[in-house]
Every structure is written in C-alpha cells, then in structure tokens.
Amino acid sequence: MNRISRSLAWLLALMVCGAAAAHAQTGYPDRPVKIIVPIGPGGSYDLVGRQLADALSKRMGQAFVVENKPGAGTVVGTQAASQSEPDGYTLVVGGLSNMAFNSALYSKLGYDPRKDFVPVALIYKFGYVMVGRKDLPQTTLSDVIAAAKANPGSITVATAGVGTGQHLVAAAKANPGSISVATAGVGTGQHLVAAAFMKAAGVKFQEIPYKGSPPAFTDLLAGRIDLFFDSIAAGLPYVQSGQAKGIAVLSSKRNPLAPDVATMSEAGVAGLDVDSWLGIFAPAKTPPDAIAKLRKEIRASLPELKDRFEKSGGEVWDLPDDKLDAFVASEYDNWTKLIREVGIKLD
C-alpha cells in the first residue's frame, strides 16, 4: 500500500470512528432505561418516577421502566443505584431523604450522595402542613406555641413502638395540658420537619412515632393526638373536609388548595420555609451527553406534568442546570446539621 493509500485508509478509519461516536451520542437511549424508586408503590417518590417515566418514554421513543426497590427507608434502592454502571441506563428518584437525611441518620451508609450521584433535574416541589385534631383548643400557631411553653417539662417523648391509642390516652392523662405530636416514624420527613419546627419555635412536644402516615391520621382524627406534620397532599384533604384543623403550612407561600392556612413566617415562626423536593439523579461519571439529553427532554416534559403534579398537592419545579449542584449541596449541609444537632440516629 503506497503512502496515499495509507493516508486515505487512515482518514476513512477516522471518519468511521467519528460517525460511531456521533451515533453513540445522538442515539441515547438505544435500550430501556431503568428508574429506581427507593420506596414501595405510592407516595411522592413513586409519583415522580412513574409520571416522568411515562413522559420520557413518549418523548424519547424508548421505554423508561420504574423499579420500586424499598428497604431501610430509601437506603436499599439508592445504594443499588450508586453501584450500577454509570452509563445513563440506571437513574434514581432523589429527594431529601436519600440525598440528605440518610447521611446523618446512619453512621455507616453504603453510598455517599455527594460523591456517588449527579443531579440530573429537580422537577417536583411540595410543602408540609401542620394539622391539628378538630377539637384542639388552640386554633392558631401562636396559640399552640403559647400552650407548649406554658407547660415546661410536662411534654414527654414517646419511643418507637409505643404509639398506640391506649398509650396516648395514658400519656395525655399523665400530662394534662401537654401537646402531643405524631411523626410517621423516626427519621422520616414528617419527623424531621417536626424537629425543625420545635427548634425554630423553641418548644418541645410529646413525640409519638408511627409506622407511616395512615395510622397517625387515624389517631389524629380520633382525637388521641394533637398535631401531625405531613405533606400538603396528605394533610389538606382532612382540613378541607373539616376532620382536622389546618394550623400552618411550612412553605414559602400559601398553598392554593388551602388559601386560608397561613405560612409559618406569616404566623410568626421565621426561617422555616420547608419546601421539599424530588428529582432524578444519575450515578457519578454518567456520560455528560446522556445527562444533557435527559435534562433537555425532562425540561420539555414539564408542561405535560404540571397538572398531574398540582393535583397531588405539589407543583412543577424547573431549577436551572447551573444551580443544581449548589442547591443540593446546601440542602445536604442544612439538614445534616439539624439532624446531628437534635441527635436523631437510626443505627
């Protein structure tokens, strides 16, 4: 082969490689993409995973398949995602629980949210609401705080496993005038929001842990506990039906589904605008072109998701790409600091 022929062959090889690389970039995804939801079916994580999978499947012409992988809160599914191949074909729904709380709740966590993941997009935001039993004597947040401060030392903290109706009745009789607050289990968002409120307001409630929201609401509606913090989507239906009182929302603005319920700031507790969030994360070292394409298509899907998210009590959120890393890092720092200050551990 002469020099010209070798040069042509080399040029042809470069063109083939370049075409292959271009196809690899523009052809993503060329097989099904798995979205791990680190909890069981139902709830906000599952909502975001399934709605986004449906929208992306239609837009990108490839199947996005949801895999519910619950266990240890959100630990098992998130750890599995962190150990997957960083090729863009395994994603995970991420929020405060798995991308912030767990690092402080567990001494030995099998993944590091700061090092093992990159945020692809944050797309869903929702607030929390403090609800009270319908016959609670206090009707405003100021009244609740005053009642708690008027009985220093009389409010006890129940341990996990004793949050039965009988236990609560006995506790109420032993501490007349005290205020009890339910949490949906130690280390959950509901628990940590309650902890954040007590710290900000300078009060201490009697904490009664439950295994999830449904049993907590059962006792709240029966009048066996005084207060509960939960997502607006879960709590507002009881307020709207008159089965419970809406005391205040923990968000930066009033919720259109309950315009008469004041925010914490309006009610006198500053610095407690707790807007929880959810989005999609990918394992670290996922190819930048795959991240870029996902971001483009997710953003294009948001108008389609707007009504679905609002019906759930939340809202579509489109955080700019250049603000993602700083925002997630800030949330990590703020919440891990709070958890360590109040001494909550799960191991």
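Residues numbered from 1 in each chain as written. Predicted model: local features only at pLDDT ≥ 70, side-chain atom pairs only at ≥ 80, totals over all residues. Heavy atoms only, no water.

Enquirer: Explain the overall build of the protein residue by residue, including any values.
Expert: Scanning the protein from N- to C-terminus turns up 12 helices and 10 strands. Looking at the protein alone, contacts between residues at least 24 apart form 78% of all its contacts between residues at least 6 apart. Total accessible area on the protein is roughly 15800 Å²; 56% of this is exposed by carbon and sulfur atoms. (Helix = DSSP H or I, 4+ residues; strand = E, 2+ residues; numbered from the N terminus. Contact = heavy atoms within 4.5 Å. Areas by Shrake-Rupley, 256 points an atom, 1.4 Å probe, with all protein chains shown as cover.)

Enquirer: So what about the pattern of salt bridges? Which residues, and what values?
Expert: For the structure on display, the rule yields 19 salt bridges. Of the charged contacts in the structure, one is a salt bridge between Asp226 and Arg133, with a shortest N-O distance of 2.7 Å. Pair noted here: Asp226 is in the loop between helix H9 (213-221) and strand S7 (227-231) and Arg133 is in strand S4 (residues 117-133), with a separation of 93 residues, a long-range link. For the residue pair Asp226 and Arg133, the accessibility class agrees, reading buried in each case. (Salt bridge = Lys/Arg side-chain N within 4 Å of Asp/Glu carboxyl O. Buried < 20%, exposed > 50% of the residue type's maximum accessible area, 1.4 Å probe, protein only.)

Enquirer: Give a detailed account of the side chain of Asp46, specifying residues and quantitative values.
Expert: Looking at the element boundaries, Asp46 is found in helix H2 (residues 43-60). Ignoring anything within four residues of it in the chain, the contact list for Asp46 reads Val37, Ile39, Gly40, Pro41, Val66 and Asn68.

Enquirer: I'd love a proper account of the packing of aromatic side chains, names of residues and values included.
Expert: Within this structure, the stated rule accounts for 13 aromatic pairs. With centroids separated by 5.2 Å and ring planes inclined at 70°, the aromatic side chains of Tyr28 and Tyr89 adopt a geometry described as edge-to-face. Of the two residues, Tyr28 is situated in the loop between helix H1 (3-26) and strand S1 (33-37) and Tyr89 in the loop between helix H3 (75-82) and strand S3 (90-95); the sequence distance between them amounts to 61 residues. Of the two residues, Tyr28 and Tyr89, neither departs from the other in class, the shared state being buried. For the pair Tyr124 and Phe126, a centre-to-centre distance of 5.7 Å together with 40° between the ring planes defines the contact as tilted. In this structure Tyr124 comes out as buried when scored by relative accessible area, which is 1%. Judged by relative accessible area, Phe126 falls into the buried class, the value being 10%. In this structure an aromatic cluster arises from ring pairing among Tyr124, Phe126, Tyr128 and Phe309. (Phe/Tyr/Trp six-rings, centres within 6.5 Å; stacked < 30°, edge-to-face > 60°.)

Enquirer: Now, about the packing of helix H8 (residues 189-201) against helix H12 (residues 324-342): what can you tell me, with residues and values included?
Expert: The contact between H8 and H12 brings their axes to 11 Å, and the two run at 75°. With respect to each other, H8 and H12 are oriented roughly perpendicular. From H8, Leu192, Ala196 and Lys199 reach across to H12, where they touch Trp335, Leu338, Ile339 and Glu341. Of the residues that constitute the contact of H8 with H12, the class distribution is five nonpolar, no polar and two charged. (Axes fitted to C-alpha atoms, helices over the stretch in contact; angles between N-to-C directions. Parallel < 35°, antiparallel > 145°, perpendicular 65-115°, else oblique. Nonpolar A, V, L, I, M, F, W, Y, C, P; charged D, E, K, R; others polar.)

Enquirer: Explain the pairing of S4 to me, using residue names and the numbers behind them.
Expert: Extensive coverage of S4 is indicated by the burial of 16 of its 17 residues. Across nine bridges, the pairing between S4 and strand S9 (residues 275-283) is antiparallel. Bridge assignment links Gly127 to a residue of S9, and that residue is Asp275. Summarising the sheet, S4 and strand S10 (residues 315-316) pair through two bridges and their orientation is antiparallel. Bridged to Tyr124 within S10 is Val316. Here S4 runs beside S7; their pairing, made up of five bridges, is antiparallel. (Pairing = 2+ DSSP bridges.)

Enquirer: Give me the lowdown on the environment of Arg308, citing residues and values where you can.
Expert: Along the chain, Arg308 falls in helix H11 (residues 288-311). For Arg308, a relative accessible area of 25% gives the class partly exposed. In sequence terms Arg308 and Val48 are 260 residues apart; their C-alpha atoms lie 9.8 Å from each other. Apart from residues lying up to four places away in sequence, Arg308 is in contact with Gln51, Asp54 and Lys58.

Enquirer: Please give an account of the environment of Ile123 that cites residues and values.
Expert: Summarising the element assignment, Ile123 is placed in strand S4. Since its relative accessible area comes to 1%, Ile123 is described here as buried. Residues Ile123 and Leu52 lie 71 residues apart in sequence; the distance between their C-alpha atoms is 9.4 Å. Excluding residues within four positions of it along the chain, Ile123 makes contact with Val48, Leu52, Leu278, Gly279, Ile298, Leu302, Leu305, Phe309, Glu315, Val316 and Trp317.

Enquirer: Break down the nonpolar core for me, with residues and values.
Expert: Of all hydrophobic cores here, the largest spans 84 residues; its most connected members are Phe64, Ile123, Leu141, Phe197, Met264 and Trp335. With nine residues, S4 is the largest single contributor of residues to this core. Sequence-distant contacts of Leu141, that is, excluding residues within four places in its chain, are made with Met130, Phe197, Ile247, Ala248, Met264, Ala267 and Val269. The next biggest cluster of nonpolar side chains, apart from the first, holds 16 residues, and it includes Ala216, Leu236, Val239 and Val249. (Core = buried A, V, L, I, M, F, W, Y, C linked by side-chain atoms within 4.5 Å.)

Enquirer: Go over H2 with me, naming the residues and quoting the values.
Expert: Compared with the 26 Å implied by 1.5 Å per residue over 18 residues, the 26 Å span of H2 between its first and last C-alpha is a close match. Along H2, the residues classified as buried are Tyr45, Asp46, Leu47, Val48, Gly49, Leu52, Ala53, Ala55, Leu56 and Met60. Residue Gly61 follows H2 closely and has a positive phi angle near 65°. (Expected span 1.5 Å × (residues − 1).)

Enquirer: I'd like a description of the packing of helix H4 (residues 96-105) against H12, backed by residues and values.
Expert: Each packed pair of helices is defined by two parameters, the angle between the axes and the distance between the axes. Close contact between H4 and H12 brings their axes to 8 Å; oriented N to C, the two are set at 40°. By the angle between their axes, H4 is oblique relative to H12. Judged by the twist between their axes, the crossing of H4 over H12 is right-handed. Counting all contacts with H4, which are made through Leu96, Met99, Ala100, Phe101, Ser103, Ala104 and Leu105, the residues of H12 involved are Glu331, Tyr332, Trp335, Thr336, Ile339 and Arg340. Class assignment of the residues belonging to the contact of H4 with H12 gives a composition of nine nonpolar, two polar and two charged. (Left-handed = near helix turned anticlockwise from the far one by under 90°.)

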